[in-house]
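# Structural overview
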Amino acid sequence: MVLTPARPRRMWGVTDQPSANLYVPMIAIVQEIIDETPDTKTFRLAFEDKEYAKSFEWEPGQFVEVTVFGAGEAPIGFASDPNERSFFEITVVERGKVTRAMHALKKGDKVGIRGPFGNCWPLEDMKGKNVLIVSGGCGLAPLRPAILQILANRKEYGNFLLLYGARTPADRNYKYDLDAWAKRDDMQVLETVDVGDESWKGNVGVVTTLFDKVKVDGENTVALTCGPPIMIKFVTLELLKMGFSADRIVTSQERYMKCGVGKCGHCCINHVYLCTEGPVFTYAQMKELFELKL
Amino acid sequence: MKKDYSILKKSDVPAFFASLANEMQLIGPKQLFSGDVTFDVIQSHKDIYWDYGHVVYPPKRFLLPHFEDMFRYTCDQEIKIEPTCNPQPQAIVGIRSCDVAAIRFQENFFSYPIVDPYYKEHLNNTVLFNLVCNTPPKKECFCICCDSGPWLESGFDVQLTDLGDRFLYEVGSDKGEKATEPRAYMLLPATPADIEARRQIELQADSRFQTVSYVAKAINFISADEVPAKIWEDLGSTCFRCGACTNLCPVCTCFTVDDREESDGTFTRCRSWDSCQYAGFTREASGHNPRPTFGSRVARRFYHKTSYQYIIRDGRHGCVGCGRCITACLTKLGLPDVVKRIRREMHEFLPPKEKAAEV
Ligand SMILES: Cc1cc2nc3c(=O)[nH]c(=O)nc-3n(C[C@H](O)[C@H](O)[C@H](O)COP(=O)(O)OP(=O)(O)OC[C@H]3O[C@@H](n4cnc5c(N)ncnc54)[C@H](O)[C@@H]3O)c2cc1C
Ligand code: SF4
Ligand code: SF4
Ligand code: FES
């Protein structure tokens, strides 16, 4: 099997440009704000233009450029169920100027949205295989649409295992989801935290310590990973040891981004523009890009 | 479009460009009080300084401005977005072959696979009057190694060759034809002797270059990631991170985007030149920087300029041999020097057998 994170059906600037100018955002309204962790919030957004909202399609792994008017623009991954067409969600960690302004938004405020951009998780190609998801911190956000999509088509995939690591119990994203998923009998969820507290009964240690606790068939499983670069490195090395071939380890990369359409140059890794040709790559593809050497 | 040659007598040049200036803004080489020559807006055709060797500052900013407003918006009650791109017709006169080649490179980059509306608008409104280099090239010039000069086969709208008291006038595109038509009565038919004179100039021009660049060797080493990190770090250790090399390079396109508050309370989204030689260029919000060292950033610049992978992607290597990065850099990290150093130092890394074959 050769997995290639595919070019999605829709990508602003290639197939689906609503205005003549691909740098001008469309207006969306904040419908709901959910506190995830002390520094992370999830925003539920819906386009002001109802016609446009109807035609807005995206796939798990893609991202948008979000404008907070008066502050600027930042790339943020989709975090909700792709089948839900009346709104979409993004989960944002407060980091700098734009994300700080985003955290100050209230229900009813308007933001600008450009996208969808980038390629997507190869969910189609993965059908019939077992799925292992390894994720750290806010790296669960871009994987959440994939998880929801797999659960929606559960019969088409084999065993489904999610390993998730957070810094502390308070830093767990989507606690409500994790708790609900843990109760399901068609998927297995294992969690760990770097530093525990009195309330934490689970594993303590980095996410790779969970590998000892599970049995994974390295030959018939596809692994999706997203998290900090150092986590991706050690997870990939572990997976290789477990018998995963390089084209069955799939990762979403992050880079500083400005334009989202392959022009500003910031996200370029070797000759590959992450915003249009990524952010999802197999380890086999990463090996070709020596700037991504582990 | 049929290629055709005519003659523009030098005595008709003022009238020709004065007439062109009625239809569009003229950009051309202009001598400053300091004596330096720069590409600037030409108020009167008399200001066109035909007699220059090489302009340190490329005409890049007339197509990709240092700061360019992308749109303006208000965000108090209602959010109103108003695109701002409104370029005026312009002719860049007396542009050199290397810079035309660079513009074609940028055109390709900005239109594939996604079209950048601003660059496209600027270029659609621009006519390029190329001037063949038949003065001795500066010692930094090496367009001859980069297939981008001293004259061009294509890519120009109009190409002029100085034949003494007259220019050989060559139309290279529909845009050039359209800009010529209203003034075609000033052109005379070219004789076979004129065309032969031009051929002689081409032959002479070829033999006058001093700088050579070993790009081909560097392409191999850099594309295969064979240049040891130590060589890059050595090269990077002298870099001042001033960004002059990328700012002056007519091929470089990278930009950043910021929202700026205006005095009237509206906001402007503005893009401005950025440089891969700056530490913040790739630093992510988490603090992680995928190119943390000076060496890794210098490696990045030369990968983009010379790698085989980019040649496949963009159709040519990312250097037109204008030599500006040599002039600009205080520490001589210009392209020819770097590829020469890679070639020399890599030689020491080669196993003895290959070394023998190399010499
Ligand atoms: C494909 C993709 C998907 C993403 N998805 C998500 C997501 O789902 N959720 C999420 O929370 N985040 C996500 N991110 C990360 C997110 O884009 C960044 O956290 C965000 O852009 C930070 O923007 P900011 O304006 O808040 O930070 P900024 O203030 O812009 O800071 C960002 C960086 O800019 C530089 N910088 C800023 N000011 C200066 C200065 N004065 N001097 C030098 N350098 C400076 C620094 O390098 C800093 O690290 C994603 C990123 C990508 C590329
Ligand atoms: S011009 Fe020279 S010193 Fe300045 S950034 Fe470029 S390489 Fe470094
Ligand atoms: S790399 Fe240097 S010589 Fe080549 S086009 Fe750029 S500035 Fe000119
Ligand atoms: S974000 Fe601008 S090139 Fe990718």
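Everything numeric in this text was worked out from a predicted model, so none of it was measured. (Residues numbered from 1 in each chain as written. Chains lettered and ligands numbered in written order. Predicted model: local features only at pLDDT ≥ 70, side-chain atom pairs only at ≥ 80, totals over all residues. Heavy atoms only, no water.)

### Side note on the overall build of chain B
Within chain B, the secondary structure is distributed over 13 helices and 12 strands. Taken over C-alpha atoms, the radius of gyration comes to 22 Å for chain B, in line with the 21 Å a tight globule of 359 residues would show. Across its three principal axes, chain B shows a C-alpha extent of roughly 70 × 65 × 40 Å. In chain B, which comprises 359 residues, the proportion classed as buried is 53%. Residue pairs at least 24 apart in sequence account for 71% of intrachain contacts in chain B once pairs closer than 6 positions are excluded. By element, 53% of the accessible surface of chain B is carried by carbon and sulfur atoms, the whole surface being about 16,200 Å². Measuring between centres, the 44 positive side-chain charges of chain B sit 5 Å from its 47 negative side-chain charges. (Helix = DSSP H or I, 4+ residues; strand = E, 2+ residues; numbered from the N terminus. Rg over C-alpha atoms; globule rule 2.2 N^0.38 Å. Buried < 20%, exposed > 50% of the residue type's maximum accessible area, 1.4 Å probe, protein only. Contact = heavy atoms within 4.5 Å. Areas by Shrake-Rupley, 256 points an atom, 1.4 Å probe, with all protein chains shown as cover. Lys, Arg positive; Asp, Glu negative; His and termini not counted. Charge placed at Lys NZ, Arg CZ, Asp CG, Glu CD.)

### Section: the interface of chain B and chain A
Contacts between the two partners involve 47 residues from chain B, matched on the other side by 40 residues from chain A. Here chain B packs against chain A, burying approximately 3,500 Å² in sum over the two surfaces, 60% of which is carbon and sulfur. Summed over the shared surface of chain B and chain A, the number is four salt bridges. Arg269 of chain B serves as the salt-bridge partner of Glu73 of chain A, at 3.3 Å between the closest nitrogen and oxygen. At the junction of chain B and chain A, the tally comes to 18 residue pairs in polar contact (both at pLDDT 80 or more). Top element by residues in the side of chain B that touches chain A is strand β11 (residues 255–261) of chain B. It accounts for four residues. Looking at the side of chain B that touches chain A residue by residue, the class counts come to 26 nonpolar, 10 polar and 11 charged. (Buried area = accessible area lost by both parts, 1.4 Å probe. Salt bridge = Lys/Arg side-chain N within 4 Å of Asp/Glu carboxyl O. Polar contact = N/O pair within 3.5 Å; in protein donor to acceptor, adjacent residues only side chain to side chain. Nonpolar A, V, L, I, M, F, W, Y, C, P; charged D, E, K, R; others polar.)

### What about the side chain of Ser223 of chain B?
Along the chain, the position of Ser223 of chain B falls in helix α6 (residues 215–223). Polar contacts involving the side chain of Ser223 of chain B include one to the main-chain carbonyl oxygen of Ile219 of chain B, which spans 2.5 Å. At 2.7 Å, the side chain of Ser223 of chain B forms a polar contact with the backbone nitrogen of Tyr308 of chain B. Ser223 of chain B has contacts with Phe290 of chain A together with Ala218, Thr306, Ser307, Tyr308 and Gln309 of chain B, leaving out every residue within four places of it along the chain.

### A word on the site of ligand 1
Near ligand 1 there are 20 residues, and of these Pro75, Thr91, Val93 and Thr99 of chain A together with Glu284 of chain B occur at the shortest range. Neighbouring residues of ligand 1 are not confined to one chain but are distributed across chains A and B. Interatomic distance of 2.9 Å between a backbone N/O atom of Gly77 of chain A and a nitrogen atom of ligand 1. In the model, an oxygen atom of ligand 1 is placed 2.9 Å from a nitrogen or oxygen of the Gly96 of chain A main chain. Here ligand 1 has 970 Å² of accessible area as a free molecule, and 73% of this is covered by the chains. At the level of secondary structure, the elements contributing two or more residues to the shell around ligand 1 comprise β4 (72–77), β5 (88–93) and α2 (97–103) of chain A. Residues that form the shell around ligand 1 fall into these classes: 10 nonpolar, four polar and six charged. (Near = heavy atom within 4 Å.)

### A closer look at the nonpolar core
Residues Leu132 and Leu163 of chain A together with Phe17, Phe129, Tyr169, Trp232 and Ile342 of chain B are the most contacted members of the largest nonpolar core, which totals 119 residues. The contacts of Phe17 of chain B, once residues within four sequence positions are left out, are Leu26, His45, Ile48, Trp50, Val93, Phe129 and Leu160 of chain B. Judged by nonpolar contacts, the second largest core, of 29 residues, contains Ala79, Leu162, Ala166 and Leu178 of chain A. (Core = buried A, V, L, I, M, F, W, Y, C linked by side-chain atoms within 4.5 Å.)

### Some points on the site of ligand 3
Residues in close proximity to ligand 3 include Phe142, Cys249, Pro250, Lys305, Cys319, Val320, Gly321, Cys322, Gly323, Arg324 and Cys325 of chain B, which together make up its full environment. Counted by class, the shell around ligand 3 contains seven nonpolar, two polar and two charged residues.

### Quick word on helix α5 (residues 229–241) of chain A
Residue and element names in this part refer to chain A. An ideal rise of 1.5 Å per residue puts 18 Å on 13 residues; α5 measures up with 19 Å between its terminal C-alpha atoms. Of all the residues in α5, the buried ones are Met231, Ile232, Val235, Thr236 and Leu239. Across the axial projection of α5, the buried residues extend over an arc of 125 degrees, all falling on one side. Of the exposed residues in α5, those oriented more than 90 degrees away from the buried face are Ile230 and Lys241. Structurally, α5 contributes buried residues whose contacts are with β7 (130–136), β11 (221–226), β12 (249–252) and α7 (283–288). Looking one or two places after α5, you find Gly243, whose phi comes out positive at around 100 degrees. (Expected span 1.5 Å × (residues − 1). Arc of directions from axis to C-beta.)

### Overview of the packing of aromatic side chains
Evaluation of the coordinates by the stated rule reveals 23 aromatic pairs over all chains. Judged by centre distance (5.8 Å) and plane angle (55 degrees), the rings of Tyr52 of chain A and Phe56 of chain A are tilted. Centroid distance Tyr73 of chain B to Phe267 of chain B: 5.5 Å. Interplanar angle 10 degrees. Geometry classified as stacked. With a gap of 194 residues between them, Tyr73 of chain B in strand β4 (residues 67–74) and Phe267 of chain B in strand β12 (residues 267–273) connect regions that are remote in the sequence. Exposure class is identical for Tyr73 of chain B and Phe267 of chain B. Each is buried. Each residue in the set Phe47, Tyr52, Phe56, Trp58, Phe78 and Phe88 of chain A is aromatic and connected to the rest through ring pairs, giving one cluster. (Phe/Tyr/Trp six-rings, centres within 6.5 Å; stacked < 30°, edge-to-face > 60°.)

### Re the environment of Cys275 of chain A
Residue and element names in this part refer to chain A. Structurally, Cys275 can be placed in helix α6 (residues 274–277). A relative accessible area of 1% places Cys275 in the buried class. When the C-alpha atoms of Cys275 and Asp185 are compared, they prove to be 37 Å apart, with 90 residues separating the residues in sequence. Among residues more than four places away in sequence, those in contact with Cys275 are Phe63, Phe117, Gly118, Met257, Gly260, Val261, Gly262 and Cys267.

### With respect to helix α3 (residues 144–152) of chain A
Of all the nine residues making up α3 of chain A, eight are buried; the element is thus mostly covered by neighbouring parts of the structure. Each element contacted by the buried residues of α3 of chain A is listed here: β5, β7, β8 (160–166), α4 (175–183) and β11 of chain A.

### Examining the sheet that holds strand β2 (residues 40–47) of chain A
Strand pairs in the sheet, formed through backbone hydrogen bonds, run parallel or antiparallel to each other. Residues and elements named next belong to chain A. Taken in spatial order, the six strands line up as β4-β3-β6-β1-β2-β5 in an open sheet, and their pairing is antiparallel. The open sheet terminates on both sides in strands that have one partner only, identified here as β4 and β5. This sheet shows a mean twist of 40 degrees between the axes of neighbouring strands, independent of strand direction. Here strand β3 (residues 63–68) runs beside strand β6 (residues 110–117); their pairing, made up of four bridges, is antiparallel. Residue pairing across strands places Glu65 opposite Arg114, the latter belonging to β6. (Pairing = 2+ DSSP bridges. Axes fitted to C-alpha atoms, helices over the stretch in contact; angles between N-to-C directions.)

### Some words on the environment of Val37 of chain B
Within the secondary structure, Val37 of chain B sits in strand β3 (residues 37–42). Ignoring any residue separated from it by four or fewer positions in sequence, one finds Val37 of chain B in contact with Pro29, Lys30, Gln31, Tyr49, Tyr52, Val55 and Val56 of chain B.

### Details of unusual backbone geometry
Between Gly115 of chain A and Pro116 of chain A the backbone carries a cis peptide bond, its omega angle lying at 0 degrees. Take Pro116 of chain A: it is sitting in strand β6. The step from Tyr112 of chain B to Pro113 of chain B runs through a cis peptide bond, and the omega angle for that step is -5 degrees. As for its placement among the helices and strands, Pro113 of chain B is situated in the loop between α2 (97–111) and α3 (117–124). Backbone geometry places Asp225 of chain B, a non-glycine residue, at a positive phi of 55 degrees. With respect to the helices, strands and loops of the structure, Asp225 of chain B is situated in the loop between α6 and α7 (229–236). A relative accessible area of 28% means that Asp225 of chain B is categorised as partly exposed. In this structure, Arg241 of chain B takes a positive phi of about 55 degrees despite not being glycine.

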